[in-house]
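# Chains, contacts and geometry: an overview
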Amino acid sequence: MTAGPERAAARIEGFLDGSREQPTVRAMLLEAQSLPVITELVQQRNSDAAADLSSDLRGFTPHPKETARLLVSATVEVAMQELSAGRRLQRLRSALLDLIPKKKSAQA
């Protein structure tokens, strides 16, 4: 799949689906976030995810790195909400995916 909004959406959906398939891992990470080493690992993973995602947003927003960072944070929030609900929350997922810029930016 080539870089762009569709691949960004696929990455986000993949993360959310993976989180739902491994709820115990997600729950353990939540509990362990008070441990500095876990916090560092989670922050690094989120930074890596944002860097990957920003490549899909180049040309679609004047601020791909910042937009990617915000999308990663929002994705984690949706994952946590789904974990708490014990099910897929389609309206939240749709709202999240609507945040992905879809049109080429004149300023990008």
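For the structure itself, look to the data block above.
Below you will find a few notes about this structure. (Residues numbered from 1 in each chain as written. Predicted model: local features only at pLDDT ≥ 70, side-chain atom pairs only at ≥ 80, totals over all residues. Heavy atoms only, no water.)

### So, helix H3 (residues 36–57)
Compared with the 32 Å implied by 1.5 Å per residue over 22 residues, the 31 Å span of H3 between its first and last C-alpha is a close match. Following H3 by one or two positions, Gly59 adopts a phi angle in the positive range, close to 90°. (Helix = DSSP H or I, 4+ residues; strand = E, 2+ residues; numbered from the N terminus. Expected span 1.5 Å × (residues − 1).)

### Side note on the nonpolar core
Among the nonpolar cores identified, the biggest contains 14 residues, and Ile12, Leu16, Leu53, Leu57, Leu71, Leu96 and Ile100 are the most heavily contacted of them. Mapped onto this core, the elements with two or more residues apiece are helix H1 (5–21), H3, helix H4 (64–85) and helix H5 (90–98). The dominant element in this core, judged by the number of residues it contributes, is H4, at five residues. Beyond its immediate chain neighbours, meaning those up to four positions away, Ile100 contacts Pro5, Ala8, Ala9, Ile12, Leu57 and Leu71. (Core = buried A, V, L, I, M, F, W, Y, C linked by side-chain atoms within 4.5 Å. Buried < 20%, exposed > 50% of the residue type's maximum accessible area, 1.4 Å probe, protein only. Contact = heavy atoms within 4.5 Å.)

### Overview of the pattern of salt bridges
One pass over the structure, following the stated rule, counts seven salt bridges. Between Arg93 and Asp17 there is a salt bridge, with the nearest N and O atoms lying 2.8 Å from each other. With Arg93 in helix H5 and Asp17 in helix H1, this pair connects stretches of sequence that are 76 residues apart. By relative accessible area, Asp17 is classed as partly exposed at 28%. One salt-bridge network, in which partners are shared between bridges, spans Glu13, Asp17, Glu82, Arg88 and Arg93. (Salt bridge = Lys/Arg side-chain N within 4 Å of Asp/Glu carboxyl O.)

### Quick word on the side chain of Thr75
Assignment of secondary structure puts Thr75 in helix H4. Note on Thr75: relative accessible area 5%, which makes it buried. There is a polar contact of 2.7 Å between the side chain of Thr75 and the backbone oxygen of Leu71. If we skip the residues at most four places from it in the chain, Thr75 touches Ile12, Phe15, Leu16 and Leu96. (Polar contact = N/O pair within 3.5 Å; in protein donor to acceptor, adjacent residues only side chain to side chain.)

### Considering the environment of Arg88
For Arg88, the position within the fold is in the loop between H4 and H5. With relative accessibility at 37%, the residue Arg88 sits in the partly exposed group. Linking Arg88 and Asp17, residues 71 residues apart in sequence, is a C-alpha distance of 8.5 Å. Excluding residues that lie within four positions of it along the chain, Arg88 makes contacts with Glu13, Asp17, Arg20, Glu82 and Arg93. A distance of 3.1 Å separates a polar atom in the side chain of Arg88 from a polar atom in the side chain of Asp17. Of note is the side chain of Arg88, whose polar atom sits 3.0 Å from the side chain of Gln90.

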